[in-house]
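# Remarks on the overall topology
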Amino acid sequence: MNKQPPFTVPRNGRLRKRATRCYELSGVLAANNPEWTLVHGEVDMANGCRMGHAWVEREGWVYDSVLDQTMLSEEFARRYTSTVYQRWPGGLAVAKALI
């Protein structure tokens, strides 16, 4: 099975600080790339705590801007026990970011 997405993930360049910027980075990516869906939810952290988090999805794939990693949605859900609270199609991510 191919473990690479059938598309290119737009990157924000070489960011030095990604930690704590998931909402910003994911929102900007979705706003500038309407084929991506902005997702807000929660994930399990390595220390066992739950934390609010944002990521983007496309065609069954997740890109996590903090980790700078792309993985299948099922793998992301299993690995981080993700819970989705809200999804916004890329074009609506701009409106969400401005609220």
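In what follows, the structure referred to is the one given above.
About the criteria used
Residues numbered from 1 in each chain as written. Predicted model: local features only at pLDDT ≥ 70, side-chain atom pairs only at ≥ 80, totals over all residues. Heavy atoms only, no water. Helix = DSSP H or I, 4+ residues; strand = E, 2+ residues; numbered from the N terminus. Buried < 20%, exposed > 50% of the residue type's maximum accessible area, 1.4 Å probe, protein only. Areas by Shrake-Rupley, 256 points an atom, 1.4 Å probe, with all protein chains shown as cover. Phe/Tyr/Trp six-rings, centres within 6.5 Å; stacked < 30°, edge-to-face > 60°. Salt bridge = Lys/Arg side-chain N within 4 Å of Asp/Glu carboxyl O. Pairing = 2+ DSSP bridges. Axes fitted to C-alpha atoms, helices over the stretch in contact; angles between N-to-C directions. Contact = heavy atoms within 4.5 Å. Polar contact = N/O pair within 3.5 Å; in protein donor to acceptor, adjacent residues only side chain to side chain.

## A few points about the overall build of the protein chain
Counting secondary structure elements, the protein chain contains three helices and five strands. Seen in sequence order, the protein chain has helices and strands lined up from the N terminus as α-β-β-β-β-α-β-α. Taking all 99 residues of the protein chain together, the buried fraction comes to 38%. Split by element, the accessible area of the protein chain, about 6,000 Å² in all, is 54% carbon and sulfur.

## Quick word on the packing of aromatic side chains
Applying the stated criterion across every chain, the model contains two aromatic pairs. Residues W55 and F76 carry aromatic rings whose centres are separated by 4.9 Å and whose planes lie at 50° to one another, so their mutual orientation is tilted. With a gap of 21 residues between them, W55 in strand β2 (residues 50-58) and F76 in helix α2 (residues 73-80) connect regions that are remote in the sequence. You'll find W55 and F76 in the same group, each marked buried.

## Quick notes on the pattern of salt bridges
Under the criterion given, the structure shown has eight salt bridges. A salt bridge links R79 to E75, with the nearest nitrogen and oxygen atoms 2.4 Å apart. Of the two residues, R79 and E75 both sit in helix α2, four residues apart, roughly one turn of that helix. In this structure R79 comes out as partly exposed when scored by relative accessible area, which is 41%.

## Topic: the pairing of strand β3 (residues 61-64)
Residues W61 and Y63 line one face of β3 and the alternating positions V62 and D64 line the opposite face, and both faces are buried. Taken together, β2 and the strand that follows it, β3, pair antiparallel across an intervening segment of two residues, in which E59 is found at a positive phi of about 50°. Of the strand pairs in this sheet, β3 and strand β4 (residues 69-72) are connected by four bridges, and their pairing is antiparallel. In the strand pairing of β4, Y63 is matched with T70.

## What to know about the sheet that holds strand β1 (residues 37-44)
Overall, antiparallel pairing links the five strands, which are arranged β4-β3-β2-β1-β5 in an open sheet. Here the strands that pair on one side only, and so sit at the sheet edges, are β4 and β5 (83-89). Neighbour-to-neighbour, the strand axes of the sheet open up by a mean angle of 30°, direction not taken into account. Packed onto the sheet, α2 meets β1, β2, β3 and β4 and runs at close to 100° relative to β4.

## Focus: the side chain of N33
Checked against the element boundaries, N33 lands in the loop between α1 (22-32) and β1. A distance of 2.8 Å separates the side chain of N33 from the backbone oxygen of L29, its partner in a polar contact.

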